[in-house]
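Remarks on the overall topology
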Amino acid sequence: MPSEPVTVAVAAATAAQKPAAQLLAKRLHLPLAEQGESGYRFFLVVGADRLALSQAGARARPVSVDFTAGPLDYRRRYGGGRTQAIARAVGLKNNPAPLVFDATAGLGRDGFVLASLGCRVHLFERSPIVGALLEDGLSRARRDPEIGPLVRDRLRLTIGDSNALLAQMGAERPEVVYLDPMYPPRRKNALVKKEMRLLQTLVGADPDAPQLLTAALESARQRVVVKRPGAAPALAGLEPHLVIGTRKNRFDV
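Residues numbered from 1 in each chain as written. Predicted model: local features only at pLDDT ≥ 70, side-chain atom pairs only at ≥ 80, totals over all residues. Heavy atoms only, no water.

1. Here we look at the pairing of strand β1 (residues 8-12)
Using the following cut-off: Exposure classes here rest on a 1.4 Å probe applied to the protein chains alone. A residue is buried below 20% of its type maximum, exposed above 50%, and partly exposed in between. Secondary structure elements follow DSSP: runs of H or I no shorter than four residues count as helices, runs of E no shorter than two count as strands, and numbering proceeds from the N terminus. Strand pairing follows a simple DSSP-based rule, namely that at least 2 bridges must link the two strands.
By the criterion of burial, β1 is predominantly enclosed, with five of the five residues buried. In β1, alternate side chains face the same way, and those of Val8, Val10 and Ala12 on one face and Ala9 and Ala11 on the other are all buried. Pairing of β1 with strand β2 (residues 42-46) involves five bridges; the strand directions are parallel. Looking across to β2, one finds that Ala11 is bridged to Val45.

If you want it as structure tokens, here you go:
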């Protein structure tokens, strides 16, 4: 968790979004403020077309979730399909449509990629603020004429602690549990890394990742996949049975 309190307020981009901002602030138990108002480090801004998270005084663009355009849409179309590393890591060669629990959903990028490859994905996100961003992106994606059916059929979101949620699954145990615990970024010039640094400032690291790995191993029917930076040690020191590397990351299976 963050080492010091992180102050977050909900703001409306314009007066027209004020009612929606008031409802969101009440739901998340956050103060309602004017965008840029002093005393807050982050603003969850309700805009005309999307929800976005910005950091006070930062020059980086606000963070939002968009499955319909940009890098995720490009990857869905041209990312290599089931030949890409994440597809091999979750075992799509032998099981074309597994149920995957993404226990560290974050902004939902990997979960969306897996859903676009045919997986049924249950996203778990414990931060209500990150969860609000993710739900906003999913809501817009459900209405998209091209990917709407995919999102409605293959992606669902639960906001809550993954350790507890995995223990409550019972008969709905997944074939695969996917973990991508927060890890300190090293490259400061990549846009995605800037977003991850912003989120880490907001929600902190994942000190309970070893416990989450234990819960995942007890829950998964077939395999647990852990996404790690290429040079990072194995999570909890547990050596994987299989490692699938990429230029930037690796998947420990």
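Once the structure has been displayed, the description carries forward.
2. Quick notes on the pattern of salt bridges
Rule in force here: Think of a salt bridge as a Lys or Arg side-chain nitrogen and an Asp or Glu carboxyl oxygen that are within 4 Å of each other.
With the rule as written, the count across this model stands at 14 salt bridges. In this structure, the salt-bridge partner of Asp161 is Arg126, at a minimum N-O distance of 3.5 Å. A residue pair is termed long-range when its members are at least 10 positions apart, and Asp161 in the loop between β6 (155-159) and α7 (162-167) and Arg126 in the loop between β5 (120-125) and α5 (128-142) qualify at 35 residues. Residues Glu172 and Arg156 are paired through a salt bridge, measuring 2.0 Å at the closest nitrogen-oxygen approach. You can see Glu172 sitting in the loop between α7 and β7 (176-179) and its partner Arg156 sitting in strand β6, a full 16 residues away along the chain. What makes Glu172 partly exposed here is its relative accessible area of 30%. Here the residues in one salt-bridge network are Asp73, Arg76, Arg77 and Glu146, joined through shared partners.

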